[in-house]
Amino acid sequence: MAFNFNKKYPRATPDQTHRNLLIAVCGRFKWKRVAMVSSSGPMTTAVSDFFKELLREESDFYLVRHFSNVSRISSDAAIVRRLALISEEARIVFLVIPETEVRRYLLHAFDMGMTTGEYQFLYVQPYISDDDEVDRIRSQQFWKRDDGRDDDAKTAYRSLIVLTYSFILRWNINSKETAAITDDVFSGYRNEMPPYAEPDRYSRFLHDAFYLYSLAYNRSHTSNLTSSGEDIFRMVSNIRFTGLTGDVHMNNNADRLPSFLLWDMGPDMSFRIVIRVKYDVLPNGTVFINFTTSNNIFWGNGQSWFDGYVPADVPACGFNNEKCPPGNISRHLRDLFWELPRRQARPRRNVMTSRPQHPSRHSHLRFAEHYNPWWNRYETLYNY
């Protein structure tokens, strides 16, 4: 029997509504065409699944390429292959992968010429960060490894936006206070209890879930309803309170509406918060989104958001020159074509006919179909 979690149970943790992040961010920057790489694992799979669910519901968005359930430690060849295919279909790339893999993807993207402002990468953190992780994001240690490639990584990370839950700024475990409360609650039985353990990072969500249930139960009782699951579910809708994990807003589907932070690399080469995305609910259940901008965004080509520049999700002439008049090619592509080094413009043998062919004999449309900004891959993948 199918188990419909969404229709039966309220959710006080934000993981299940993570998909709202995609439409909010893409809508802000007018991106409608995206690609995604998601690794195996329950957290990353859940986030990518909700992204796909949203894209099916929103006809204006297109997930043109999705590599799902990839290895959490992919080979270099596999990463290059994924980026090569993505580069021909999308400019906006969501990475739902372990943070340890982000740098490898970006360094390969750097080598392939994909970190010069035309492509934008967005790393979606699928879990709640603690204070140590936030401190690392805010420092240069987020991209530095002292492995000889820090300069390349510094350039590559300029094409990255990090998206995290806003709860990380409020995450703080007071171990002494927690231990004191434990001793107080179990006074007289302390010798019989297991040793004190550090609370889990999600323990505050458990607190808010119980508090949410209590509010819903009281609502149900005062409305002369039962305490059945259906009544509790109905009473949870549109509840709002301040809990240990921040402001808790439940929508009319009994889902918690999360708040998100967007991080970008600043002039000091460390990441800082640039946009806060906060969801709110009107008394009638209407959801609206508040964007609070705190810093400028500097894209991979050095241009800034405040100056009106945003990387496009589609090239000016499209990926197959479909947006330009037949037989023509954009000046940018034409210039790049004629500036090919002589060694890369030498005749190639057609893999189908075994006849030598020269790149200049290809039509502009044919060239545009296979255009990409890093010519080594052009030669490797397309044996002209």
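Residues numbered from 1 in each chain as written. Predicted model: local features only at pLDDT ≥ 70, side-chain atom pairs only at ≥ 80, totals over all residues. Heavy atoms only, no water.

1. Description of the overall build of the protein chain
Under the convention used in this document: Here a strand is any run of E in DSSP of at least two residues, a helix any run of H or I of at least four, and the numbering for each starts at the N terminus. A simple rule labels every residue: compare its accessible area, found with a 1.4 Å probe on the protein chains alone, to the largest value its type can have, and call it buried under 20%, exposed over 50%, or partly exposed in between. Any two residues having at least one pair of non-hydrogen atoms within 4.5 Å are treated as being in contact. Computed by Shrake-Rupley with a 1.4 Å probe, the accessible areas treat only the displayed protein chains as cover when residues are assessed.
Across its full length, the protein chain carries 13 helices and twelve strands. The buried share of the protein chain, reckoned over its 384 residues, is 46%. Put simply, of all contacts in the protein chain between residues at least 6 apart along the chain, 68% involve residues at least 24 apart. Summed over its atoms, the accessible surface of the protein chain is roughly 19900 Å², and 51% of this surface lies on carbon and sulfur atoms.

2. Considerations on the environment of tyrosine 105
To keep things clear, this is the line we draw: Within 3.5 Å is the distance limit for a polar contact, defined as a pair of N or O atoms, with the added protein rule that one can donate a hydrogen and the other accept it, and that residues adjacent in sequence qualify only through two side-chain atoms.
When you line up the elements, tyrosine 105 lands in helix H5 (residues 99–111). With ten residues separating them along the chain, tyrosine 105 and leucine 95 place their C-alpha atoms 9.0 Å apart. If we skip the residues at most four places from it in the chain, tyrosine 105 touches Val37, Val70, Ser74, Ile79, Arg82, Leu83, Leu95 and Ile97. A polar side-chain atom of tyrosine 105 sits 2.7 Å from a polar atom in the side chain of arginine 82.

3. Some words on the state of the cysteines
Put simply, the rule is: Pairs of cysteine sulfur atoms within 2.5 Å are identified as disulfides in what follows.
Applying the stated criterion across every chain yields a total of one disulfide. A sulfur-sulfur distance of 1.8 Å marks the disulfide that ties cysteine 317 to cysteine 324. On the S-S bond that ties cysteine 317 to cysteine 324, the torsion sits near -80 degrees, and the link is left-handed.

4. Structural notes on a nonpolar patch on the surface
Cut-off, in case you're wondering: Residues enter patches when they are more than 30% accessible in relative terms and free of salt bridges; like-charged ones are connected within 9 Å and nonpolar ones (Val, Leu, Ile, Met, Phe, Trp, Tyr) within 5 Å. A pairing counts as a salt bridge when a side-chain nitrogen of Lys or Arg comes within 4 Å of a carboxyl oxygen of Asp or Glu.
Together, Ile181, Val185 and Phe186 make up a nonpolar patch on the protein surface, roughly 260 Å² of accessible area in all. Residue placement: valine 185 occurs in helix H8 (residues 175–185).

5. Notes on the confidence of the model for the protein chain
To keep it simple, the criterion reads: Confidence of the prediction at every residue is given by pLDDT, a number between 0 and 100.
When pLDDT is averaged across the protein chain, the result is 75; 67% of the residues are at 70 or more. Contacts for the low-pLDDT stretch residues 12–16, under 50 throughout, to residues beyond four places or in other chains number 18 contacts. Confidence drops under pLDDT 50 across residues 334–384; counting only partners more than four residues distant or on other chains, this segment forms 80 contacts.

6. Focus: helix H10 (residues 229–236)
Among all positions in H10, only Asp231, Ile232, Phe233, Met235 and Val236 are buried. One or two residues past the end of H10 sits asparagine 238, with phi positive at roughly 65 degrees.

7. Quick word on the packing of aromatic side chains
Rules: The aromatic pairing rule takes the rings of Phe, Tyr and Trp, using the six-membered ring of Trp, and pairs them if the centres are within 6.5 Å, calling planes under 30 degrees apart stacked, those over 60 edge-to-face and the rest tilted. To sit over a ring, a charge needs its Lys NZ or Arg CZ within 6 Å of the ring centre and within 35 degrees of the ring normal.
One pass over the structure, following the stated rule, counts eleven aromatic pairs. With centroids separated by 5.6 Å and ring planes inclined at 85 degrees, the aromatic side chains of phenylalanine 29 and tryptophan 299 adopt a geometry described as edge-to-face. On the criterion of sequence distance, the pair formed by phenylalanine 29 in helix H2 (residues 20–29) and tryptophan 299 in the loop between strand S10 (287–293) and helix H11 (331–338) is long-range, its members being 270 residues apart. Since its relative accessible area comes to 2%, tryptophan 299 is described here as buried. An aromatic cluster is defined as three or more aromatic residues linked by ring pairs; in this entry it consists of Phe29, Trp31, Trp299, Trp305 and Phe306. Lying across the ring of phenylalanine 291, arginine 28 places its NZ or CZ 4.5 Å from the centre. A cation over an aromatic ring shows up here: arginine 91 above the ring of tyrosine 119, its NZ or CZ 5.0 Å from the ring centre.

8. What about the pairing of strand S5 (residues 160–165)?
Defined as follows: Only when DSSP finds a minimum of two bridges between them are two strands counted as paired.
For S5, the buried fraction is high: six of the six residues fall into the buried class. Alignment of strand S4 (residues 120–124) against S5, held across four bridges, turns out to be parallel. Along S5, the bridge assignment pairs leucine 122 with isoleucine 161. Pairing analysis gives five bridges linking S5 to strand S8 (residues 260–265), with the strands arranged antiparallel. Note on S8: the bridge partner recorded for isoleucine 161 is aspartate 264.

9. Comments concerning the nonpolar core
In plain terms, the rule: In this text, buried Ala, Val, Leu, Ile, Met, Phe, Trp, Tyr and Cys residues form a nonpolar core when linked through side-chain atoms within 4.5 Å.
If you look at the biggest cluster of nonpolar residues, it comprises 37 residues, and the most contacted ones within it are Phe121, Tyr157, Leu160 and Phe271. At five residues, H5 tops the list of elements feeding residues into this core. Setting aside residues no more than four positions away along its own chain, phenylalanine 121 makes contact with Leu83, Val93, Leu95, Leu106, Ala109, Met114, Ser159, Leu160 and Ile161. Ranked by size, the runner-up nonpolar core spans 30 residues in total, among them Ala24, Val34, Phe205 and Leu257.

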